[in-house]
Amino acid sequence: MAFYREQQLLVNSWLPAVQELQRKYPELHMYELPVISTGYLLMKWIIDNGMRSGIKDPNTRDHTITIYTDTKKFRKDLDMPTDETIYVMLVDASGAVRWKTGGFVTPMGATLMNSTATELIGK
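Not measured: the values here are computed from a predicted model.

Trainee: Please clarify how the environment of T69 should be interpreted in this entry.
Mentor: Among the structural elements, T69 can be located in strand β2 (residues 67-69). If near-sequence neighbours (up to four positions away) are discounted, T69 is found in contact with V35, I36, S37, T38 and F74.

Quick look at the structure:
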């Protein structure tokens, strides 16, 4: 989950680790979730079209879901203290967050994500 366009570098830092997991577990799905304040709802068409044209890869485009919401409440509900970074989560089939971290990928973060996915999927 990202809150600002400038955070795309943070998102991209996780892609190799996530893609490795998806090769290991094809049933695992990754979604990029830009989280935008409802104050921008009047500009939704412009924002959505801008994102659509900016995402060249069809698979990435198909797995990007923009969330227009009260961002403060959304962050509070998901225990995300700030919008100054991104959050990466593993969510199980019931919707429960099973693992979460923020910021750039780190070797420890990638390892913990991998081990949690292995526990969840059971292979």
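Trainee: How do you make sense of the pattern of salt bridges when you look at a structure like this?
Mentor: Proximity of charged atoms lets side chains of opposite charge pair with each other. Under the defined criterion, the tally for this structure stands at three salt bridges. Between R98 and D92 there is a salt bridge, with the nearest N and O atoms lying 3.0 Å from each other.

Trainee: Got a minute to help me understand the pairing of strand β4 (residues 97-102) in this structure?
Mentor: It is a general feature of regular strands that their side chains alternate between the two faces of the sheet. Bridge analysis of strand β3 (residues 87-91) against β4 gives five bridges, and the strand direction is antiparallel. In the strand pairing of β4, L90 is matched with W99.

Trainee: When you look at helix α1 (residues 8-24) in this model, what are you seeing that I'm missing?
Mentor: Owing to its 3.6 residues per turn, the α-helix brings residues three or four apart onto one side. Spanning 17 residues, α1 covers 25 Å between terminal C-alpha atoms, matching the ideal 24 Å at 1.5 Å per step. Roughly 35° is the biggest bend found in α1, and it falls at L15, with proline P16 one to four residues downstream. Taken residue by residue, α1 has L10, V11, S13, W14, L15, A17, V18 and L21 as its buried positions. Residues of α1 that are buried sit in contact with β3, β4 and α5 (107-121).

Trainee: Even after reading the chapter, I still don't get unusual backbone geometry, so can you show me in this structure?
Mentor: Only a minority of non-glycine residues have a phi that is not negative, and only a minority of peptide bonds are not trans. Despite not being glycine, D79 has its phi angle at roughly 55°, a positive value. With respect to the secondary-structure elements, D79 resides in the loop between α4 (71-77) and β3. Judged by relative accessible area, D79 falls into the exposed class, the value being 57%.

Trainee: Even after reading the chapter, I still don't get the packing of aromatic side chains, so can you show me in this structure?
Mentor: Ring pairs (aromatic) are described by centroid distance and by the angle formed between their planes. Following the criterion strictly, the structure yields two aromatic pairs and no others. Between F3 and Y87 the ring centres are 6.3 Å apart and the planes differ by 80°, which places this aromatic pair in the edge-to-face class. Remark: Y87 occurs in strand β3 and F3 occurs in the segment before α1; sequence separation between them is 84 residues. Comparing F3 with Y87, the two get one shared label, buried. For the pair W14 and W99, a centre-to-centre distance of 6.0 Å together with 65° between the ring planes defines the contact as edge-to-face. One end of the pair, W14, is in helix α1; the other, W99, is in strand β4, with 85 residues separating them in the sequence. Here the two residues W14 and W99 agree in accessibility, since each one is buried.

Trainee: Hey, could you run me through the nonpolar core in this one?
Mentor: Inside soluble globular proteins, nonpolar side chains tend to come together where they are buried. Among the nonpolar cores identified, the biggest contains 15 residues, and W14, L21, I86, V88, L90, W99 and M113 are the most heavily contacted of them. Listed by contribution, the elements that provide at least two residues to this core are α1, β3 and α5. Per-element tally for this core: the top contributor is α1, with six residues. With sequence-adjacent residues up to four places away left out, W99 is seen in contact with W14, V88, M89, L90, G109, L112, M113 and T116.

About the thresholds
- Residues numbered from 1 in each chain as written.
- Predicted model: local features only at pLDDT ≥ 70, side-chain atom pairs only at ≥ 80, totals over all residues.
- Heavy atoms only, no water.
- Helix = DSSP H or I, 4+ residues; strand = E, 2+ residues; numbered from the N terminus.
- Contact = heavy atoms within 4.5 Å.
- Salt bridge = Lys/Arg side-chain N within 4 Å of Asp/Glu carboxyl O.
- Pairing = 2+ DSSP bridges.
- Expected span 1.5 Å × (residues − 1).
- Bend = angle between axes of the 7 residues up to and from the residue.
- Buried < 20%, exposed > 50% of the residue type's maximum accessible area, 1.4 Å probe, protein only.
- Phe/Tyr/Trp six-rings, centres within 6.5 Å; stacked < 30°, edge-to-face > 60°.
- Core = buried A, V, L, I, M, F, W, Y, C linked by side-chain atoms within 4.5 Å.

Read these as geometric descriptors, not functional statements.
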